[in-house]
Amino acid sequence: MVFALPEALLFTGIDWAAESHAVCVLDAAGKIAAQFTIGHSADGIAALIRRLARYGEAGGLPVAIERPDGRLVDLLLEAGHPVVAVKPNAIKAWRDGEVLSGAKSDAGDAAVIAEYLRLRAHKLRIVAPYSDQTRALRTVVRTRGDLVEMRVAATNQLAALLEAHWPGAVAIFADVESPVSLEFLTRYPTPAAAAHLGEKRMAAFCVKHGYCGRRTAAELLARLRSAPAGTTLESLTEALRDAVLAAVGVLTALNASVKTLDRSIAAHLGEHPDGAIFTSLPRSGQVNAAQVLAEWGDARQAYEHPDSVAALAGVTPVTKASGKRRSVEFRWACNKRFRAAVTTFADNSRHASPWAAKIYNNARASGKDHPHAVRILARAWIRVIWRCWLDGIPYDPARHGAAAALARQATEQIAA
């Protein structure tokens, strides 16, 4: 989310680090007015804000930093400073051009960032603060995404462990991270533990743990027995049991945490003023709608037009032209979480919206592969969502001109 940067007489650059931050303040002529370091603590940030206040009103003292979020950014915004999130790659290229010797230091980097802000202020835009509701939603949504990634990694580790020592345990159920599979591994962590497992005991286990698959107990046992035999060495069996139970414990905890965050997401989405807009989209669901909203934000004045949103989401290509050469390429610089959220929604929507299915199918018919076609559909959806978002009204296919026309055409064909 961005706004125009106001005119200023002083420019501050901050080289962010985990424990301390180097700060450089330049005047309009590029002369260093102050250069110091603060700790990454409440006292350190408060000291920074007090020190900057000596130079004038916070609204006229822009600050540039190589990250768009975090407590330092939040507190600077709350103090009233215009904050510019500069791209690390841009600062690196600027440093290479300005510091010919190749010398590098935290203080020097802060000066480079301040100089970048001073000279390019007319082209830079400030970060817009999110509302409390959006920040809360983004917090739980992003944490859930991180936990899901951890769960994928833990699942792959458990599957690799079982493939190496007990392949049957991987084959018996469809998903090794499913609750019933984890219960099975808790009860039977090694081939030796399941050596005397019979059909009746397997059936009882399925009933006890609510197995809802289509396989009978006999079929599940057949899967288990037909896989390559697992290890039977006594010393290795003991080690395998410990390793499997440890991995199962991690996955069980991750599953429980993801479910807890799912409930939290639903609650925060219901409280968000724009929640009804994003949940009204076809096949959006609670979690995916929250993911799109959390990355889209809620500041109406933040984007000039829907193409700005599409660029942030990485669903518009980048055109490169030089001389006689011209190419249209994939957009790498974007909000990766936003792209994942909006393309997931677009892919799901084509199964519920004839309009979305038509756009996707037309793209595929023109030779686009599946990911490209989904991005085309996502860009089309962003234009629709943009209008709903600006007007503050949920999506209604009857009010969506293209979708309504397609529905009328289908009705007329059926009537004919």
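Residues numbered from 1 in each chain as written. Predicted model: local features only at pLDDT ≥ 70, side-chain atom pairs only at ≥ 80, totals over all residues. Heavy atoms only, no water.

**Concerning the nonpolar core**
Part 1: Judged by nonpolar contacts, the single largest core of 78 residues is most densely connected at Phe184, Met202, Phe278, Trp296 and Trp381.
Part 2: Considering each element in turn, this core owes the most residues, 12 residues, to helix 16 (residues 370–391).
Part 3: Dropping the residues within four chain positions of it, Phe278 is found in contact with Ser284, Ala289, Val292, Leu293, Trp296, Ile385 and Trp389.
Part 4: Ala34, Leu52, Val73 and Leu76 belong to the second-largest nonpolar core, a separate cluster that totals 17 residues. (Core = buried A, V, L, I, M, F, W, Y, C linked by side-chain atoms within 4.5 Å. Buried < 20%, exposed > 50% of the residue type's maximum accessible area, 1.4 Å probe, protein only. Helix = DSSP H or I, 4+ residues; strand = E, 2+ residues; numbered from the N terminus. Contact = heavy atoms within 4.5 Å.)

**Structural notes on the pairing of strand 8 (residues 318–322)**
Part 1: Examined bridge by bridge, strand 8 and strand 9 (residues 325–329) share 5 bridges and lie antiparallel to one another. When the sheet's bridge partners are listed, Val318 is paired in strand 9 with Glu329.
Part 2: Linking strand 8 back to strand 9 in an antiparallel pair, the connection comprises 2 residues, with Gly323 at a positive phi of about 65°. (Pairing = 2+ DSSP bridges.)

**Describing the packing of aromatic side chains**
Part 1: Per the stated rule, a full pass over the model turns up 16 aromatic pairs.
Part 2: Ring plane angle 75° and centroid distance 5.3 Å describe the contact between Trp381 and Tyr395, whose orientation is recorded as edge-to-face. Of this pair, Trp381 sits in helix 16 while Tyr395 sits in the loop between helix 16 and helix 17 (401–415); the two residues are 14 residues apart in sequence, bridging distant segments of the chain.
Part 3: Overall, Trp381 belongs to the buried group, its relative accessible area being 0%.
Part 4: Under the relative-accessibility criterion, Tyr395 is labelled buried at 10%.
Part 5: Counting every residue linked through ring pairs, the aromatic cluster contains Trp166, Phe173, Phe184, Tyr188, Phe205 and Tyr211. (Phe/Tyr/Trp six-rings, centres within 6.5 Å; stacked < 30°, edge-to-face > 60°.)

**Comments concerning the layout of surface pockets**
Part 1: Volume-wise, the second largest pocket comes out at about 320 Å³.
Part 2: Around the second largest pocket sit 15 residues that line it, and Gly145, Glu149, Gln291, Arg337 and Ala340 are the ones nearest its centre.
Part 3: Those elements giving two or more residues to the lining of the second largest pocket turn out to be helix 5 (132–165), helix 12 (286–296) and helix 14 (336–349).
Part 4: If you tally residues by element for the lining of the second largest pocket, the top one is helix 5, at 7 residues.
Part 5: For the lining of the second largest pocket, the class distribution of residues is 5 nonpolar, 3 polar and 7 charged. (1 Å grid on protein atoms, 1.4 Å probe; cavity = no way out; pocket = protein on both sides within 12 Å on 5 of 7 lines; lining within 4 Å. Points joined across faces, edges and corners; volume = space filled by probe spheres on them. Nonpolar A, V, L, I, M, F, W, Y, C, P; charged D, E, K, R; others polar.)

**With respect to the side chain of Asp15**
Part 1: Within the element layout of this structure, Asp15 appears in strand 2 (residues 10–15).
Part 2: Lys104 provides the closest opposite charge to the buried, unpaired Asp15, separated from it by 5.7 Å.
Part 3: Residues within four places of Asp15 in sequence aside, it is in contact with Ser20, His21, Ala22, Glu66, Asp106, Asp109, Ala110 and Ile113. (Lys, Arg positive; Asp, Glu negative; His and termini not counted. Salt bridge = Lys/Arg side-chain N within 4 Å of Asp/Glu carboxyl O.)

**Notes on the environment of Ser101**
Part 1: For Ser101, the position within the fold is in the loop between helix 3 (88–98) and helix 4 (106–119).
Part 2: With 79 residues separating them along the chain, Ser101 and Val180 place their C-alpha atoms 61 Å apart.

**Focus on the pattern of salt bridges**
Part 1: If you walk through the whole model with that rule in mind, you get 14 salt bridges.
Part 2: Where Arg95 meets Asp109, a salt bridge forms, and the shortest distance between an N and an O atom there is 2.9 Å. Here Arg95, found in helix 3, pairs with Asp109, found in helix 4; they are 14 residues apart in sequence, far enough to count as distant.
Part 3: Taking relative accessible area as the criterion, Asp109 reaches 3% and is therefore assigned buried.
Part 4: Across the pair Arg144 and Asp262 runs a salt bridge, and its minimum N-O distance is 2.5 Å. One end of the pair, Arg144, is in helix 5; the other, Asp262, is in helix 10 (residues 234–271), and 118 residues separate them in sequence.
Part 5: What emerges from the salt-bridge pattern is a single network uniting Arg71, Asp74 and Arg135.

**A word on unusual backbone geometry**
Part 1: The phi angle at Arg283 is positive, at roughly 60°, despite the residue not being glycine.
Part 2: By secondary structure assignment, the location of Arg283 is in the loop between helix 11 (275–279) and helix 12.

**Looking at the sheet that holds strand 3 (residues 20–27)**
Part 1: In spatial order, the strands read 4-3-2-5-6; together these 5 strands make up an open sheet with mixed pairing. Looking at the sheet topology across the chains shown, the edges are occupied by strand 4 (32–39) and strand 6 (83–85). Adjacent strand axes in the sheet meet at a mean angle of 20°, parallel and antiparallel pairs treated alike.
Part 2: Pairing between strand 3 and strand 4: 7 bridges, direction antiparallel. Residue pairing across strands places His21 opposite Ile38, the latter belonging to strand 4.
Part 3: In the packing of helix 1 (residues 42–53) onto the sheet, contacts are made with strand 2, strand 3, strand 4 and strand 5 (63–65), and the angle to strand 4 comes to roughly 165°. (Axes fitted to C-alpha atoms, helices over the stretch in contact; angles between N-to-C directions.)

**Section: the packing of helix 1 against helix 2 (residues 71–78)**
In helix packing, the relevant descriptors are the interaxial angle and the interaxial distance, both defined with respect to the helix axes.
Part 1: Two elements in contact, helix 1 and helix 2, have axes whose closest approach is 11 Å; the angle formed by their N-to-C orientations is 35°. For the crossing formed where helix 1 meets helix 2, the hand is right-handed. Along its contact with helix 1, which presents Ile45, Leu48 and Ile49, the element helix 2 presents Leu72, Leu75 and Leu76.
Part 2: Tallied by class, residues from the contact of helix 1 with helix 2 come to 6 nonpolar, no polar and no charged. (Left-handed = near helix turned anticlockwise from the far one by under 90°.)

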